[in-house]
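# Examination of the molecular architecture
Residues per chain are reported as follows:
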Amino acid sequence: MTELFQTILLRVTLAGVASAVALRMVGGGALREIIKVAAGLLMLLALLQPLSGLRTAAWDGWSVPSQEDIDAIQEKNTQTTMSTVAASIAEMVEQRTEKEGFDCTVDVTMANDENGILQVDRVTVYYGGRDAARLEELRAILTEECGVPEERQEMIAR
C-alpha cells in the first residue's frame, strides 16, 4: 500500500511539474486554456493509472451470501446454542440431584416451541438401582426446580 501511495505521489508531482512548465512556456489566450485542460487530464491520469494495477484477488472470495448459506449458518448457530444450553441444564440438574443424594446422569435435549422460543424438549435421567425407590422425589425436583413437566421426563435405570 505504501508503494502504491509513493507511485501516485511521484506521478502527480511529475505531472504537476510538467504542467507548470507547459503553462509557463505558453503565453495567454486559448492555448493556455487548452494546456490547463490537458494538465488536468494528465493529473487525473497520474492519479488513476496506478490504481488500475490493483489486484482484486483479495475480493475474489467475497460475494453476497445466498439465502441457503444464511439459513445454514443460522441453523448451525441454533444447534450450537441448543447444545450449549442443554449441557448447562444437564450439569445443573446433576449437581442439584447429587446434593439430594441421587446417583444419576442427565441428558437434556432442546427444541423451539411453536413461537420459535428455545425450551427444554426432553430430560432423560439415567439413575442407579438404589434411587429407584425415590423416583417420585427425582421427578418433583425436575418439575418444581427445573420447570420440566413430567411428560417431558424420562427415567431409565442403569
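Attention in this report is confined to the structure presented alongside it. Small disclaimer: the values here were computed from a predicted structure and weren't measured. (Residues numbered from 1 in each chain as written. Predicted model: local features only at pLDDT ≥ 70, side-chain atom pairs only at ≥ 80, totals over all residues. Heavy atoms only, no water.)

### Description of the packing of helix α3 (residues 67-99) against helix α4 (residues 135-145)
The condition is simple: Axis geometry follows a simple rule: fit a line to the C-alpha atoms, using only the stretch in contact for helices, then measure angles between N-to-C directions, giving values from 0 to 180 degrees. Each helix is a run of H or I in the DSSP string that is no shorter than four residues. Each strand is a run of E no shorter than two, and both are numbered from the N terminus. Each angle gets one of four labels, with under 35 degrees taken as roughly parallel, over 145 as roughly antiparallel, 65 to 115 as roughly perpendicular, and the rest as oblique. By definition, turning the near helix anticlockwise from the far helix through less than a right angle yields a left-handed crossing, and turning it clockwise yields a right-handed one. Throughout, a contact is declared for two residues whenever any of their heavy atoms are within 4.5 Å. Following the grouping adopted for this structure description, the nonpolar residues are Ala, Val, Leu, Ile, Met, Phe, Trp, Tyr, Cys and Pro, the charged ones are Asp, Glu, Lys and Arg, and the polar ones are all others, Gly among them.
Where α3 meets α4, the closest approach of the two axes is 11 Å, and the angle between their N-to-C directions is 130°. Judged by the inter-axis angle, α3 sits oblique to α4. As α3 packs across α4, the resulting crossing turns out to be right-handed. Contact with α3, carried on its side by Val93, Arg96 and Thr97, involves Leu138, Ile141, Leu142 and Glu145 of α4 and no other residues of that element. Its residues assigned to classes, the contact of α3 with α4 comprises 4 nonpolar, 1 polar and 2 charged.

### Observations concerning the nonpolar core
Rules: Residue types Ala, Val, Leu, Ile, Met, Phe, Trp, Tyr and Cys, when buried and joined through side-chain atoms within 4.5 Å, form a set referred to as a nonpolar core. The classification of residues rests on relative accessible area computed with a 1.4 Å probe and restricted to protein chains. Under 20% of the type maximum is buried, over 50% is exposed, and intermediate values are partly exposed.
Val106, Val108, Val123, Val125 and Met155 are the most contacted members of the largest nonpolar core, which has 19 residues in total. Those elements giving two or more residues to this core turn out to be α3, β1 (104-112), β2 (118-127) and α4. Once residues within four sequence positions are removed from consideration, Met155 is found in contact with Val125, Tyr127, Leu135, Leu138, Arg139 and Leu142.

Any functional reading would require information beyond the geometric quantities listed.
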